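# Report on the structure
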Amino acid sequence: MGKEPVPAGGEAAACAPRGLGEEAPERVRVGNMDEKSNKLLLALVMLFLFAVIVLQYVCPGTECQLLRLQAFSSPMPDPYRSEDESSARFLPHYNFSRSDLLRKVDFDIKGDDLIVFLHIQKTGGTTFGRHLVRNIQLEQPCECRVGQKKCTCHRPGKRETWLFSRFSTGWSCGLHADWTELTSCVPAVVDGKRDARLRPSRWRIFQILDAASKDRRGSPNTNPDANSPSSKKARNTSTSGKNFHYITILRDPVSRYLSEWRHVQRGATWKASLHVCDGRPPTSEELPSCYTGDDWSGCPLKEFMDCPYNLANNRQVRMLSDLTLVGCYNLSVMPEKQRNKVLLESAKSNLKHMAFFGLTEYQRKTQYLFEKTFNMNFISPFTQYNTTRASSVEINEEIQKRIEGLNFLDMELYSYAKDLFLQRYQFMRQKDHQEARRKRQEQRKFLKGRILQTHFQNQFQGQSQNPSQNQSQNPNLNANQNVTQNLIPNLIQNLTQSSSQNLSQKENQGSQKQNPGQEQSDSNTSNGTNDYIGSVEKWR
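To keep things clear, this report deals only with the structure shown in the data block. This structure is a prediction, so every number in the text was calculated from the model and none was measured.

### Notes on the overall build of the chain
Along its length, the chain carries 20 helices and four strands. Here the chain holds 540 residues, and 40% of them are scored as buried. When the accessible surface of the chain is split by element, carbon and sulfur atoms take 53% of a total near 31,400 Å².

### Some words on the sheet that holds strand β3 (residues 243–250)
Adjacent strands of a sheet pair through backbone hydrogen bonds, lying either parallel or antiparallel. Read from one edge of the open sheet, four strands run β2-β1-β3-β4, paired in parallel fashion. The sheet terminates laterally at β2 (163–164) and β4 (356–359), the two strands that pair on one side only. For β3 and β4, the ladder comprises four bridges, and the chain directions are parallel. Along β4, the bridge assignment pairs Ile-249 with Gly-358. Relative to the sheet, helix α14 (residues 363–374) contacts β1 (113–118), β3 and β4, its axis offset from that of β4 by approximately 170 degrees.

### Re empty space enclosed by the protein
Counting across every chain of the model gives eight cavities of 30 Å³ or more. In this structure, the largest cavity occupies an estimated 110 Å³ of space. Classifying every residue of the lining of the largest cavity by side-chain character gives seven nonpolar, six polar and one charged.

### Looking at the packing of aromatic side chains
One pass over the structure, following the stated rule, counts 20 aromatic pairs. Aromatic pair Phe-128 and Phe-370: ring centres 5.9 Å apart, planes at 80 degrees, arrangement edge-to-face. One end of the pair, Phe-128, is in helix α6 (residues 125–134); the other, Phe-370, is in helix α14, and 242 residues separate them in sequence. Residue classification places Phe-128 among the buried residues on the basis of a relative accessible area of 3%. When the centroid spacing of 5.2 Å and the interplanar angle of 55 degrees are considered together, the rings of Trp-179 and Tyr-246 count as tilted. Remark: Tyr-246 occurs in strand β3 and Trp-179 occurs in helix α7 (residues 179–192); sequence separation between them is 67 residues.

About the criteria used
Residues numbered from 1 in each chain as written. Predicted model: local features only at pLDDT ≥ 70, side-chain atom pairs only at ≥ 80, totals over all residues. Heavy atoms only, no water. Helix = DSSP H or I, 4+ residues; strand = E, 2+ residues; numbered from the N terminus. Buried < 20%, exposed > 50% of the residue type's maximum accessible area, 1.4 Å probe, protein only. Areas by Shrake-Rupley, 256 points an atom, 1.4 Å probe, with all protein chains shown as cover. Pairing = 2+ DSSP bridges. Contact = heavy atoms within 4.5 Å. Axes fitted to C-alpha atoms, helices over the stretch in contact; angles between N-to-C directions. 1 Å grid on protein atoms, 1.4 Å probe; cavity = no way out; pocket = protein on both sides within 12 Å on 5 of 7 lines; lining within 4 Å. Points joined across faces, edges and corners; volume = space filled by probe spheres on them. Nonpolar A, V, L, I, M, F, W, Y, C, P; charged D, E, K, R; others polar. Phe/Tyr/Trp six-rings, centres within 6.5 Å; stacked < 30°, edge-to-face > 60°.

So, to be careful, I would describe these as geometric facts and stop short of saying anything about function.
Written out as structure tokens, the structure is:
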């Protein structure tokens, strides 16, 4: 009998277990899978590097790359939307003209223009005042030294100040001077002392205000035109030709009242306030004190509200109105109802004609309107603080209504101011969108002109490369070339003239000072206030 044939590979292969013989194909398959995964990973890495190279070529700047990544990740929110989203439901109640809504001040910081900040207590004016001296992009920034409250805000190349405020010139017209004091004091102080740090003595302030009251035409009680626009214009300039742009900040009356009460509880008195009106401070009979000691610290809210002479009541109306119209602090000049009406109307008029005012409850909108009004940009954005000392005070509905009753004039003024403020914001935002739309249209026109120019140039170059062949094929070539050669320069000239005219018109509109008559005749916004209110939802 013969032996069975031995398989190739020898006895070892023949005697090997069956399971070990199947491991080799399995290892091959695993190796192939690893090789495929490595190739896939390498392809992904190469693709990523290619994308980075392309992005770097298209936009080499880091800022542009970040903007692109943000655009792909999520849409950018509107930084100027209302902090409490109330503007989305805002419906205007007052009918303001276009000149009331458009606020553009051709502020000449190198010339004679001066910003005057009317600081009302507990309205957030301290925070805004710091923004003015520390947070504005200027050719010559204010010099603020550590440990000093005031900063030196000189005009570029001059030793004159462009800002009249607590943090630049100090209380040069008295502590928390009101409208009546500032409009009488500021022109005389600025004209009499040109140094950047204006520090007249208390006696000198009385002297200045007394002289200003004597120079005023007519008696405050018999001059019906004392609060007219022409009178305001005279108060906004000085004998040396300086232009004064008054600004202020307002706050919700209830929150402001509670904040002042908490401040008085901690020992604040504002005794240094002069309250000068018509050349003299009020007598003790005209303005009695609410407390007998050195201060009113620790007083409960009920006692604070019970004092009928408390200047916290309707403080914002009193500080923004012309007190000479009602006989200053002499309550016997006219009936109380008539006095309140005159004060409120005066405060509304002065507020509307101010160069700018902001609201504490709308920090980002306040920043936006100030930047648009004065063409001065802040370095960092404003922060909205919704938690304050006033918000921590818990009051019931009865106390809430009583505070509103004690500040009924401030309540009406704030409602008026909020309406005007939000309408100005929406109006200026719509103008920004219209300006952006015009820029896009100009860019499209420019690109169309470039494409048409390139098309004619290519056609002309193609025909001029082989003139003998083109001449034999088309005997009218010379005539066509002449037309093309004449058409290209004319087209370029027309495009250049039209684009330059559009740019010059836009620059003139932004740089020239417009009076109300010129503003109302502007054809781009001839529809006025009613058009932008109806279309505000489209661009929001």
